[in-house]
Amino acid sequence: FNAEAPHKLIGLIDEWQERDSVEVSIDDFIVAMEAWGKLIGADRDKLSTQIHPQVVDRVISLFATLEDLYASSREPALKPNIDVARVVLRVLATSRERGVDIKVEQIFHAFLDDYGIEPVPELYESLIYALAKARTQGAAKRAERLLRKALERFGKVSIDSFNVVITSWAKSGAEYGPERAEQLFILMEQVGAKPNVSSFTSLVDAYAQTNTWECVSKSEGIFNRILDTYLVEGDESFAPNIVTWTI
């Protein structure tokens, strides 16, 4: 993490405005946004509730500044590119603000339509994450629809994308949520995406959310499959975590 990168960029922008010439490059923006984004990293769900919004706001502010500079100068070198899209969507998708799914979707299409960026799996996966985390009515269905679209387009999507949509169905409250979650689990295996302990845990959760004996029994059977993979087959990656035990 380069703590000086964001502040250095602010100085460059001020200098550019004073000289009325482009002295700042798009790489400066990318470095600064990545520097803020690294504060989130792999623990995007665990970052402090105070720090997280600040990180998201900083990245979005930098992106807005870049858009303004490009709009006023029309310098090709300042036109938002795929690297900008990757970091902006990845960071914004982790926001916990209400309506962030709509905002991510709008920016996603802006990158494609306004800046002519060819979509790549990472962009779809950021949008899938934002949609699945929305917890609004129909969120799981929208996230699954986009996941299947990405799968059709690219031939594969990440295991994390499958997991977050399975979890979305588990938390959806829909009567058919567990069945939809299991269908995605089966689809994972069909396309060669090996389910991990988080995949199984999300499926356990989906069935555990119901009040029927059949579903609770099925949840227990899936949990036992996790234990068998870990204890009998010796797969250390399937060691049950705290979430698995407490569902």
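For the structure itself, look to the data block above.
Let us look at the structure shown here.

Reading the values: the criteria
- Residues numbered from 1 in each chain as written.
- Predicted model: local features only at pLDDT ≥ 70, side-chain atom pairs only at ≥ 80, totals over all residues.
- Heavy atoms only, no water.
- Helix = DSSP H or I, 4+ residues; strand = E, 2+ residues; numbered from the N terminus.
- Buried < 20%, exposed > 50% of the residue type's maximum accessible area, 1.4 Å probe, protein only.
- Contact = heavy atoms within 4.5 Å.
- Areas by Shrake-Rupley, 256 points an atom, 1.4 Å probe, with all protein chains shown as cover.
- Phe/Tyr/Trp six-rings, centres within 6.5 Å; stacked < 30°, edge-to-face > 60°.
- Expected span 1.5 Å × (residues − 1).
- Arc of directions from axis to C-beta.
- Core = buried A, V, L, I, M, F, W, Y, C linked by side-chain atoms within 4.5 Å.
- Axes fitted to C-alpha atoms, helices over the stretch in contact; angles between N-to-C directions.
- Parallel < 35°, antiparallel > 145°, perpendicular 65-115°, else oblique.
- Left-handed = near helix turned anticlockwise from the far one by under 90°.
- Nonpolar A, V, L, I, M, F, W, Y, C, P; charged D, E, K, R; others polar.
- Salt bridge = Lys/Arg side-chain N within 4 Å of Asp/Glu carboxyl O.

### Focus on the overall build of the protein chain
Then, in step 1: Each helix and strand counted, the protein chain has 12 helices and 0 strands in total.
Then, in step 2: The buried share among the 247 residues of the protein chain stands at 45%.
Then, in step 3: Of the contacts formed within the protein chain by residues at least 6 apart in sequence, a portion of 63% connects residues at least 24 apart.
Then, in step 4: Accessible surface computed for the protein chain: about 13400 Å², of which carbon and sulfur atoms make up 49%.

### Some points on the packing of aromatic side chains
Then, in step 1: In the structure shown here, the tally under the stated rule is 7 aromatic pairs.
Then, in step 2: For the ring pair F111 and Y115, a centre distance of 6.2 Å and an interplane angle of 50° mean the geometry is tilted.
Then, in step 3: Given a relative accessible area of 0%, F111 falls into the buried group.
Then, in step 4: With a relative accessible area of 12%, Y115 lands in the buried category.
Then, in step 5: A network of ring pairs unites the aromatic residues F63, Y70, F111 and Y115 as a single cluster.

### So, helix 7 (residues 139–154)
Then, in step 1: The end-to-end C-alpha separation of helix 7 is 22 Å, in line with the 22 Å expected for 16 residues at 1.5 Å each.
Then, in step 2: Buried within helix 7 are the following residues: A139, A140, A143, E144, L146, L147, A150 and L151. Relative to the axis of helix 7, the buried residues are bounded by an arc of 165° and lie together on one face. Opposite the packed face of helix 7, turned more than 90 degrees from it, sit the exposed residues R145 and E152.
Then, in step 3: Where helix 7 is buried, its residues meet helix 6 (121–133), helix 8 (159–170) and helix 9 (177–190).
Then, in step 4: Residue G155 follows helix 7 closely and has a positive phi angle near 85°.

### Some points on the nonpolar core
Then, in step 1: Formed by 72 residues in total, the largest nonpolar core has its most connected members in M33, V84, V88, F111, F162, V165 and L184.
Then, in step 2: Among the elements that make up this core, the one with the highest residue count is helix 3 (residues 51–73) (9 residues).

### Looking at the packing of helix 6 against helix 7
In a packed pair of helices, the relevant descriptors are the angle between the two axes and the axis-to-axis distance.
Then, in step 1: Orientation of helix 6 relative to helix 7, taken along the N-to-C sense of each, is 165°, at an axis distance of 8 Å. Taken as axis vectors, helix 6 and helix 7 run roughly antiparallel relative to one another. Between helix 6 and helix 7 the crossing geometry is left-handed. Residue-level inspection shows P121, Y124, L127, I128, L131 and A132 of helix 6 in contact with helix 7, the latter providing A139, R142, A143, L146, L147, K149, A150, R153 and F154.

### Description of the environment of L123
Then, in step 1: With respect to the helices and strands, the residue L123 is situated in helix 6.
Then, in step 2: A relative accessible area of 0% means that L123 is categorised as buried.
Then, in step 3: Sequence-wise, L123 and R86 are 37 residues apart; in three dimensions their C-alpha atoms are separated by 6.1 Å.
Then, in step 4: If we ignore the near neighbours within four places in the chain, the residues touching L123 are I82, A85, R86, L89, F108 and I117.

### Examining the packing of helix 8 against helix 10 (residues 197–208)
Then, in step 1: It is the contact of helix 8 with helix 10, at a shortest axis distance of 8 Å, that shows an interaxial angle of 10°. Considered as vectors, helix 8 and helix 10 are oriented roughly parallel to each other. Only S198, S199, S202, L203, D205 and A206 of helix 10 make contact with helix 8, whose side of the interface consists of I159, N163, I166, T167 and A170.
Then, in step 2: Per-class residue counts for the contact of helix 8 with helix 10 are 5 nonpolar, 5 polar and 1 charged.

### Description of the pattern of salt bridges
Then, in step 1: Inspection of every chain in the model, using the stated rule, returns 9 salt bridges.
Then, in step 2: One salt bridge connects E144 with R180, and the closest N-O pair in it is separated by 3.2 Å. Of the two residues, E144 is situated in helix 7 and R180 in helix 9; the sequence distance between them amounts to 36 residues.
Then, in step 3: With relative accessibility at 4%, the residue E144 sits in the buried group.
Then, in step 4: One salt bridge in this structure joins D205 and K171, with 2.9 Å as the shortest N-O distance. Within this pair, whereas D205 is found in helix 10, its partner K171 is found in the loop between helix 8 and helix 9, the two being separated by 34 residues in sequence.
Then, in step 5: Residue K171 is classed as partly exposed on the basis of its relative accessible area, which comes to 42%.
Then, in step 6: Salt bridges here are not isolated pairs; linked through shared partners, they connect D83, R86 and E122.

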